[in-house]
Amino acid sequence: MREPYRIGRLLTFILCIILLPGFTSLNGWSRNYQTQLKQFLNETHQIYHIDHRTASQSANTQLSTQLDSTIARLQTDPLPDSTIIATLYDIAVKLRENGLYNATIEYTKLARRFLQDNFPEQIAQKETRVNLALIQASAYQALGMSTPAINLYFNSLEETKKYHMDAMTAIIYNNLGSSFQRQKEYAQADTFFNKAIQINEARKDKQKLFVNYNNLAVTYAKQNNHDKALEYAFLALHQLDSKKDKDMIMLMQQSIASIYLNRNEPLLALKIIQEVEKYQKEKGQNRFLIYTYRLLSQIYRHLNRNEEALTALQKAKQQADICHSEKDQVGLLNSFAEIYAEKREFGKAYDCLSSAVAIKDSLSEIENKYQFANIEEMYLTRQKRNLHEALAARQAQKRNTVIYTLLGIIIASLLAALLRNRATSARKRAAKEESWQKSYHKFDIELREKEQEKAQLEQRIAAQKEQLLQQEKEMTSLSIQSVQNENYIEKLNEEMKKLLLEINVKESEKRKHIKEIISKINQYNTKNGWDEFRFRFENVHDSFFQKLSERYPDLTTNDKHLCALLRLGLSTKEIASITFKEVRSIESGRNRLRKKLGLSEKEDLVKFLSEF
C-alpha cells in the first residue's frame, strides 16, 4: 500500500506547483488592478496632452483642469465600481464635446479595453463599452472617416443584441441610418431608421421616435420625395410635448415650411415660417434665426418679392455676425449674389461671390490642416502605443519563459520519479493480471457456451411461436370460410323459401320437393360458424370481443362480427363476399357502427379498432 500512497503525494505536489501561479494571481488581483488603473490614467493624460492644440486656449485650460482633477480623484479615492465606470464615460464625453477627435478615438479604445479587463461581468461595463464605441464612431465621422465608424456600429450592434440592450440597439440603428444617409445610400438608411422605429415604438419612447421620424423626413427630402418627407415630419412633430418641447416644435415647423416650399406651396410655407420667426425673436435664439431668415428669403424669392427677400437675408447676416458663424456667411453671401444678379447689380453680386469664395477657401484650408493634423497625431499615437505594447509583451514573454522553464524542470524531475515508481508497481501488477486473465478466460468460455445455449433455446421458442401463430391464422381463415359457408346456406335457405312462396299451391309436387331441399339445407346448417370464428379470432386477438363489449355495451352481435372482420383488415367488398350481402349494405353497417362508436367521418375506423 506504500507505493500508491507515495504516487498520490507526488501527484498532489505537482498539482500544487501547477496551480501556484493561479493562486498568486488571485491574491495579487487588487495590486494588479491598481497598477493597471495607474497605467491607464497615465496613458489618458498623455493622449489628452498630445491633442490639446486643437482646442482654444481658454477651453484647453478649463478642460485640462477638469481632467487633472478627475484623474487625481480616481488615483487617490476608493470609489465604487459604478462611479469609476461612469467617470471613464464622462471623460470621453468631455473630449468629444471639446472637439478633440483624435484624443477621443484613442481614449475610447483604451477605456473599452480597460473596462473589459477589469469589470468583465458587470452589465454597467457592457453598456458603457457600447456608449464609448458610439462616441468613438462619432469622432471618426467628425474626421470624415465613415468606414471605421460604420464598422464600430455593426460590432456594437452584435453586443447590444447579445445582452438584450434594446434602447442601445435602437440608437445604433438610428446612427447607422444617419451614416448611410450621409453617403446617399438612402435605401439602406430607410431600412435602419425603420428598425429603430420598431424598437422605440415597442418601448413607447417618444423622444427617440421623434429623432427617427425626423431623420426619415430628411432622407426623403434629400430624394425630393416631398410628400413622404412631409408625412414623416408630421409624425416626428406628434412625438413632441406642446409645452416642454416648444423650441424643438418650432424647429420642426421650420423644416415643414422648407418642405412646403419645395412642394411649390410658398404661401403656406410663409405663414409657418413667420410664426417661427416671431417665437425665435421672443426667445432670442440668434443661431436658429440665421436659417429662419434665410428660408424666409427663399420663400420671398419664390414669390418674386426680391426686396423683401433681400431684407430677410440682411437680417440673417446680422444674426450670423452676432454668432460669429463664418460657415453661414458663405451661404448667405451666395444668396446675396443671386439676388443682386437677378436685379442686374452685377458689381455687388461679384463682390458677394468674391467674399464667399475667400471665406470658403479660408475655412477649407483650416479644416484640411486640422484633419491632417488629427490623422498625423492619430498615426503617431498609435505607433507609440504599438511600440509600448510590443515592449511590454516581450518583457512578459521573457518573464514567462523563465518561470515556465523552471516549472518544466521541476515537473520533469517529478515525472521521472513517478515513472520509476509506476514501473515497479507495473511488474507486480503483471503477475496478478496473468492469474486473473487465466481465470477470466475460463469464465469467458463458460459464459459463451451458456449464451449459445440460450440463443438456441430462444430460436426454438421463437420458431414454435411463429408456427403456432401461423396455425392460428390458418384456423382463423378456415373459420372465416366456415362463416362464409354458413352465410351461403342461410342465403340459399332464404332464397328457397322465397321460391316456395312464389309457387302455386296447386303445384303440390314442386312445393313438396322444395320443402325437402329446405329440410336438407337446414340439416347441413349447424349455425356454429361464428362461434368457431370467435374462438379462433380471439386466440390471435386476445379478449377482443370482451373489451369491445365493456366499452360499447350497446353493440349488436352483427356489429361485433363486422368489427372483427374490419379488425382483420378486410375491405368492404371482401366482407360483402363473405356475408353474401350487398356492398351498400356493408357500407351502411359501417356508418351505423361509426356512429355507435362516436367516431367522426375523418377518423379511421380500422385504426380505431386496432386499439382493442
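Structure first, text after, so check above.
Since this is a predicted model, take the numbers as computed values, not measurements.

Draft legend 1. How the structure looks around unusual backbone geometry. Phi at Asn264 is positive, roughly 65°, even though this residue is not glycine. Given a relative accessible area of 54%, Asn264 falls into the exposed group. Unlike most non-glycine residues, Asn304 shows phi in positive territory, near 60°. Along the chain, Asn304 turns up in the loop between helix H14 (286-302) and helix H15 (306-323). The exposed category is assigned to Asn304, whose relative accessible area is 66%.

Draft legend 2. Fine view of the pattern of salt bridges. Taken as a whole and assessed by the stated rule, the structure comprises 10 salt bridges. The shortest N-O distance in the salt bridge between Asp227 and Arg263 comes to 3.5 Å. Residue Asp227 is located in helix H11 (residues 226-237), and its partner Arg263 is located in the loop between helix H12 (246-262) and helix H13 (266-283); the two are separated by 36 residues in the primary sequence. Given a relative accessible area of 31%, Arg263 falls into the partly exposed group. Its salt-bridge partner being Arg301, residue Glu338 comes within 2.7 Å of it at the nearest N-O pair. Taken together, the residues span a long stretch of sequence, with Glu338 in helix H16 (residues 326-342) and Arg301 in helix H14 at a distance of 37 residues. In this structure Glu338 comes out as partly exposed when scored by relative accessible area, which is 41%. Through salt bridges with shared partners, a single network forms among Arg203, Asp205 and Lys208.

Draft legend 3. Examining the side chain of Thr292 more closely. Looking at the element boundaries, Thr292 is found in helix H14. Using a relative accessible area of 1% as the deciding quantity, one classes Thr292 as buried. At a separation of 2.4 Å, a polar atom in the side chain of Thr292 contacts the side chain of Gln254. Sequence-distant contacts of Thr292, that is, excluding residues within four places in its chain, are made with Gln254, Ile273, Val276, Glu277 and Gln280.

Draft legend 4. Up close: helix H22 (residues 572-579). For H22, the complete set of buried residues consists of Thr572, Ile575, Ala576, Ile578 and Thr579. Each buried residue of H22 lies within a common arc of 165° when the element is viewed along its axis, so the set occupies one face. Positive phi shows up at Phe580, right after H22, with a value of about 55°.

Draft legend 5. Broad picture of the environment of Leu566. Mapped onto the elements, Leu566 comes out in helix H21 (residues 557-567). Overall, the relative accessible area of 0% leaves Leu566 in the buried class. Through-space distance from the C-alpha of Leu566 to that of Leu605 is 8.4 Å; in sequence the pair is 39 residues apart. Contacts of Leu566, omitting those with residues within four sequence positions, involve Ile575, Arg590, Leu593, Leu605, Val606 and Leu609.

Conventions adopted
Residues numbered from 1 in each chain as written. Predicted model: local features only at pLDDT ≥ 70, side-chain atom pairs only at ≥ 80, totals over all residues. Heavy atoms only, no water. Buried < 20%, exposed > 50% of the residue type's maximum accessible area, 1.4 Å probe, protein only. Helix = DSSP H or I, 4+ residues; strand = E, 2+ residues; numbered from the N terminus. Salt bridge = Lys/Arg side-chain N within 4 Å of Asp/Glu carboxyl O. Polar contact = N/O pair within 3.5 Å; in protein donor to acceptor, adjacent residues only side chain to side chain. Contact = heavy atoms within 4.5 Å. Arc of directions from axis to C-beta.

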